[in-house]
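Structural overview for review
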Amino acid sequence: MGREIETKCIHLESEEDCIKNYGAISYPIYQTATYAHPGVEQSTGYDYSRLQNPTREHLEKIIATLENGNDAFAFSSGMAAITMAMELFKPGDHLIVDSDLYGGSIRLFRNVSEKNGITFSRVDCYKEDVETYVQDNTKAIYIETPTNPMMNVTDIRKMAEIAKKYKLLLIVDNTFLSPYFQNPLELGADIVIHSGTKYLGGHNDTLAGFLVTKSEEISERFRFLIKTTGAGLAPFDSWLILRGVKTLGLRMERAQENAIEIAKWLKTQPAVTKVIYPGLEEHLGHEIMKKQARGFGAMLTFQLRSKEDAFTILEKVRLIQYAESLGGVETLITYPTTQTHADVPEEIRIKNGITDATLRLSVGIENIKDLLEELERVFGELEEKEW
Ligand SMILES: *Cc1c(COP(=O)(O)O)cnc(C)c1O
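The protein chain goes by PLP-dependent transferase in an unreviewed UniProt entry, where it is assigned to Ruminococcus hominis. According to its UniProt record, the protein chain has this under Cofactor (unreviewed entry): "pyridoxal 5'-phosphate". Listed in UniProt under the heading Sequence similarities (unreviewed entry), the comment for the protein chain reads: "Belongs to the trans-sulfuration enzymes family."

As structure tokens, then:
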């Protein structure tokens, strides 16, 4: 539709609800489990909040618009959303999944989906010939781009072509860039996933997850699943995400600006052996990303000389906080080996390049001067230690 994305974060194209809600500018929190019927065989359109809730529905409409989907579904977490997406498959089905993924997704596939009879080929989709992994029972390709935490960039259009050729679904976890920077449905994906806990919420104060699609058929299945399994997002949490999304554009722009500065700064440090940020020209995925996204995001990963260096940094940070998660206004530093990717088997972790000297930074929206001052102090102590 006509409006720009910053506006779509705040307003729906048709706000017919506004009048009904006494003109409330902030969408009301419909904290109700059930709904009274005006008469027998009559309904207000709402029956029970597991199926539909106006606050959740308002949020779903906004997210659908941001991803240019026809429909979106809000879940209690990103993992709840991914679990629902896996319900599209049945025992005997095979999926091609990126080998570097959020640790929780790898854990879900290995420990839950496999038990349910689904098999997986783990492929480096950014560099391997994905087509050679397609089998008769293959049903989908599942990717993240850039990946968590190694920031590998996969060509979404290319994956969509393969998916189309073999009648597979293309599922893209778009958490790292948010709809502000990338819209996989526009590039041929069938389903977009978000951990709304991250950039969409943006304040590290609530968990949420989303599935977005253009397909009526998939949409109907998700509607049935949300009703049947009960993993829909609560009204208050829906409202928190609605509030967070309003500033998505501003936050993404500022966080990205900061990330570029930090990536450049890290490159000057003797303790850093590698900076992995797709916004750097030397990144393998830089050119692809320019073609399929409107920005490079604010996530970066870097390698240090040693585990000791990594630990010293984690011990010494103060303004930057040592915590899991990403995409909030606060800058967070993560140690993937024992945090986000702790349950990923060591051989997979090492193959993906995650070592005990790998750190991941989710750059927030603080003033860049303070972030650089903090990094200078912390890295300064590192060099003193060396001597
Ligand atoms: C955090 C994350 C998830 C899981 O989302 P939760 O909201 O924590 O359940 C899935 N994918 C990616 C890329 C993530 O960063």
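1. Points about the overall build of the protein chain
Helix and strand counts for the protein chain come out as 14 helices and 12 strands. The C-alpha atoms of the protein chain give 21 Å as radius of gyration, which agrees with the globular expectation for 387 residues (21 Å, within 12%). Across its three principal directions, the C-alpha atoms of the protein chain cover 80 × 50 × 35 Å. Sorting the 387 residues of the protein chain into buried and exposed places 57% on the buried side. Long-range contacts, defined here as pairs at least 24 residues apart, represent 72% of the contacts in the protein chain between residues at least 6 apart. Summing over all exposed atoms, the protein chain offers an accessible surface of approximately 17,200 Å²; the carbon and sulfur share of this is 51%.

2. So, the packing of helix α4 (residues 78-86) against helix α5 (residues 103-113)
In helix packing, the relevant descriptors are the interaxial angle and the interaxial distance, both defined with respect to the helix axes. Between α4 and α5, the shortest axis-to-axis distance is 11 Å and the interhelical angle comes to 45°. When the interaxial angle is binned, α4 and α5 end up oblique. Handedness of the α4/α5 crossing: right-handed. For the pair α4 and α5, the contacting residues are Met79, Ile82, Thr83 and Met86 in the first and Gly104, Ser105, Leu108, Phe109 and Ser113 in the second. Looking at the contact of α4 with α5, its residues break down into five nonpolar, four polar and no charged.

3. Examining the packing of helix α3 (residues 54-66) against helix α9 (residues 235-245)
At a minimum axis distance of 8 Å, the contact between α3 and α9 shows a crossing angle of 35°. Relative to α9, the crossing made by α3 is left-handed. Only Pro235, Ser238, Trp239, Ile241, Leu242 and Val245 of α9 make contact with α3, whose side of the interface consists of Thr55, Arg56, His58, Leu59, Ile62, Ile63 and Leu66.

4. Details of the nonpolar core
Core analysis: the largest hydrophobic core is formed by 87 residues, its most contacted members being Ile141, Leu170, Leu300, Phe302, Leu304, Ile313 and Phe379. The dominant element in this core, judged by the number of residues it contributes, is helix α10 (residues 248-267), at eight residues. Residues from two domains meet in this core; each of domain 1 (5-245) and domain 2 (248-386) gives at least three. Excluding anything up to four places from it in sequence, Leu304 contacts Ala271, Val272, Thr273, Asp309, Ala310, Ile313, Ala357, Leu359 and Phe379.

5. What about the packing of aromatic side chains?
According to the stated counting rule, one finds 10 aromatic pairs in the structure shown. Here the aromatic rings of Tyr27 and Tyr30 are separated by 6.3 Å at their centres, their planes lie at 55°, and the arrangement is tilted. The buried category is assigned to Tyr27, whose relative accessible area is 11%. Assessed through its relative accessible area of 28%, Tyr30 is described here as partly exposed. With 5.7 Å between their ring centres and 70° between their planes, Phe73 and Phe222 make a pair best called edge-to-face. Here Phe222 lies in helix α8 (residues 216-229) and Phe73 lies in strand β1 (residues 71-75), a separation of 149 residues in the sequence.

6. A look at the site of the ligand
In the vicinity of the ligand lie 14 residues, with Met79, Asp173, Ser195, Thr197 and Lys198 positioned nearest. One of the side-chain N or O atoms of Ser195 is found 2.8 Å from an oxygen atom in the ligand. Protein coverage of the free-state accessible area of the ligand, which is 380 Å², stands at 93%. Broken down by class, the residue content of the shell around the ligand amounts to five nonpolar, six polar and three charged.

7. Quick look at the sheet that holds strand β2 (residues 94-98)
Across the sheet, seven strands lie side by side as β1-β7-β6-β5-β4-β2-β3; this open sheet has mixed pairing. The two strands at the open ends of the sheet, each matched to only one other strand, are β1 and β3 (119-123). Each strand of the sheet is rotated relative to its neighbour by a mean of 20°, with strand direction disregarded. Contacting β1, β2, β3, β4 (138-144), β5 (169-173), β6 (191-195) and β7 (209-213), α4 runs over the sheet at an angle of about 40° to β7.

Rules behind the numbers
- Residues numbered from 1 in each chain as written.
- Predicted model: local features only at pLDDT ≥ 70, side-chain atom pairs only at ≥ 80, totals over all residues.
- Heavy atoms only, no water.
- UniProt positions renumbered as here; feature names shortened; annotations may be inferred.
- Helix = DSSP H or I, 4+ residues; strand = E, 2+ residues; numbered from the N terminus.
- Rg over C-alpha atoms; globule rule 2.2 N^0.38 Å.
- Buried < 20%, exposed > 50% of the residue type's maximum accessible area, 1.4 Å probe, protein only.
- Contact = heavy atoms within 4.5 Å.
- Areas by Shrake-Rupley, 256 points an atom, 1.4 Å probe, with all protein chains shown as cover.
- Axes fitted to C-alpha atoms, helices over the stretch in contact; angles between N-to-C directions.
- Parallel < 35°, antiparallel > 145°, perpendicular 65-115°, else oblique.
- Left-handed = near helix turned anticlockwise from the far one by under 90°.
- Nonpolar A, V, L, I, M, F, W, Y, C, P; charged D, E, K, R; others polar.
- Core = buried A, V, L, I, M, F, W, Y, C linked by side-chain atoms within 4.5 Å.
- Domains from an automatic or database assignment.
- Phe/Tyr/Trp six-rings, centres within 6.5 Å; stacked < 30°, edge-to-face > 60°.
- Near = heavy atom within 4 Å.
- Polar contact = N/O pair within 3.5 Å; in protein donor to acceptor, adjacent residues only side chain to side chain.
- Pairing = 2+ DSSP bridges.

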